[in-house]
Amino acid sequence: MTDSFQTIRSDRVRKLALGAVSASVALLIAGAAHAAGMADCRKSGSPDARITACSKMIASPATSTPDRIEALRRRGSAHDARGAYRQAEADYTEALRLQPNSGAALIGRAEARLAMGEHAAAISDLTDAMRFEGATGGLHVARGYAWLLQGNADEAIADFTAAIGKQKDNASAYNNRGLAHRKKGDNASAIADYSAAIRLNPSFAQAYANRGYVYESQGDKLAATADLERALALDPALTGAAKGLKRLGGADAQVAERSKALVAHGKELAQKNCAWCHAIGRTGESPNPRAPRWIDMAGRHPILALREPLSRGIARPHDEMPKFELSEAEVDTIIAYINSLSP
């Protein structure tokens, strides 16, 4: 009996030990799978892949609250990269519900709201972000830009000045402050700021164009022509500069033809890839009501260059959009076409 009892007890101990080992292995496997999922969520690959990976982490009951917050923020960023701003806003809002003092989520939501034209809400988010992250130069530039789009030049100047105080080499802050001064009719201060931006960044095409427009308004044809020609040499997609040169009588045939060709090619690409969903002309409604009209895209950010949001996804707020890749040169042509829609 004793021997049998010892054998039974040994078998039971062995089974318990094997069970414990199996449980440990299962935990290790589950932990590795979770870590791999978060790694995929954090990857800087395509937005669609990040959305898929982050969605799995958000839905998993095994995901800790800190990881869920991070996954929400990263999925929000991926939605933003696709131009799906309302989905991005929803993800950042949920992240803030779980962590109300997340500066990163506030900044991300502000960017999405700014892209949707919700300027007051974006300003509120950026102000809250300053409370948690500190009043950095970058946040002052972002809020200043939001004030500028809202039409409040004085608040914009205050924020851009604060940014310059913290980052004296911030060419964008000078350029944007120049725009605010111009909005107030202070052309001398605008020219001074555009010139400072150009000194800091001699390749700042938009700053040359902006200064050229001021010179044109003052009747300084020679200075305006020089600036607009330089802007076009740096960025052929600035059709506004080409139009300015034409007004001044300074656009030679080669410049005019290059600009015309860019616009024509961009329109061709738009008709081929986008017109079935978007209204790509000056009039008409989009076939897909969820797709913004391109004339609205041209006016939504009259100050911000379109290259970056275009290259990040051709403003895709709807999942029906077909997937296609554009080269840098093709992006330039579509920007030129959209720019040509602006007044």
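Please refer to the structure higher up on the page.
My aim in this report is to walk through the structure given alongside it, one point at a time. (Residues numbered from 1 in each chain as written. Predicted model: local features only at pLDDT ≥ 70, side-chain atom pairs only at ≥ 80, totals over all residues. Heavy atoms only, no water.)

So, on to the overall build of the protein. A tally of helices and strands in the protein yields 17 helices and zero strands. For the protein, the proportion of its 343 residues judged to be buried stands at 45%. Counted over contacts in the protein with a minimum sequence separation of 6, partners at least 24 positions apart contribute 53%. Total accessible area on the protein stands at roughly 17,200 Å², and carbon and sulfur atoms take up 55% of it. (Helix = DSSP H or I, 4+ residues; strand = E, 2+ residues; numbered from the N terminus. Buried < 20%, exposed > 50% of the residue type's maximum accessible area, 1.4 Å probe, protein only. Contact = heavy atoms within 4.5 Å. Areas by Shrake-Rupley, 256 points an atom, 1.4 Å probe, with all protein chains shown as cover.)

Counted at 1.5 Å a residue, the expected span for helix H10 (residues 187-200) with its 14 residues is 20 Å, and the 20 Å between its end C-alpha atoms agrees. Where H10 is concerned, the buried positions are Asn 187, Ala 190, Ile 191, Asp 193, Tyr 194, Ser 195, Ala 196, Ala 197 and Ile 198. (Expected span 1.5 Å × (residues − 1).)

A word on the pattern of salt bridges. A full pass over the atoms with the stated rule returns 16 salt bridges. Notably, a salt bridge pairs Glu 89 with Arg 113, separated by 2.8 Å at the nearest N-O pair. Here Glu 89, found in helix H4 (residues 85-98), pairs with Arg 113, found in helix H5 (residues 103-115); they are 24 residues apart in sequence, far enough to count as distant. Here the two residues Glu 89 and Arg 113 agree in accessibility, since each one is buried. Two residues, Arg 113 and Asp 125, come together in a salt bridge whose shortest N-O distance is 3.0 Å. Placement of Arg 113 in helix H5 and of Asp 125 in helix H6 (residues 119-133) is noted, with a sequence separation of twelve residues between them. On the basis of relative accessible area, Arg 113 is assigned to the buried category, the value being 15%. Using a relative accessible area of 2% as the deciding quantity, one classes Asp 125 as buried. Taken together, the shared-partner salt bridges connect Arg 86, Glu 89, Arg 109, Arg 113, Glu 118 and Asp 125 into one network. (Salt bridge = Lys/Arg side-chain N within 4 Å of Asp/Glu carboxyl O.)

Moving on, we get to the packing of helix H3 (residues 65-81) against H4. Across the interface, H3 lies against H4 with an axial gap of 8 Å and an inter-helix angle of 165 degrees. It follows that H3 is roughly antiparallel to H4 by the angle criterion. Every pair of crossing elements has a handedness; the one defined by H3 and H4 is left-handed. Together, Arg 68, Ile 69, Leu 72, Arg 73, Arg 75, Gly 76, Ser 77, His 79 and Asp 80 of H3 and Tyr 85, Gln 87, Ala 88, Asp 91, Tyr 92, Glu 94, Ala 95 and Leu 98 of H4 make up the contact between the two elements. Class assignment for the residues of the contact of H3 with H4 results in seven nonpolar, four polar and six charged. (Axes fitted to C-alpha atoms, helices over the stretch in contact; angles between N-to-C directions. Parallel < 35°, antiparallel > 145°, perpendicular 65-115°, else oblique. Left-handed = near helix turned anticlockwise from the far one by under 90°. Nonpolar A, V, L, I, M, F, W, Y, C, P; charged D, E, K, R; others polar.)

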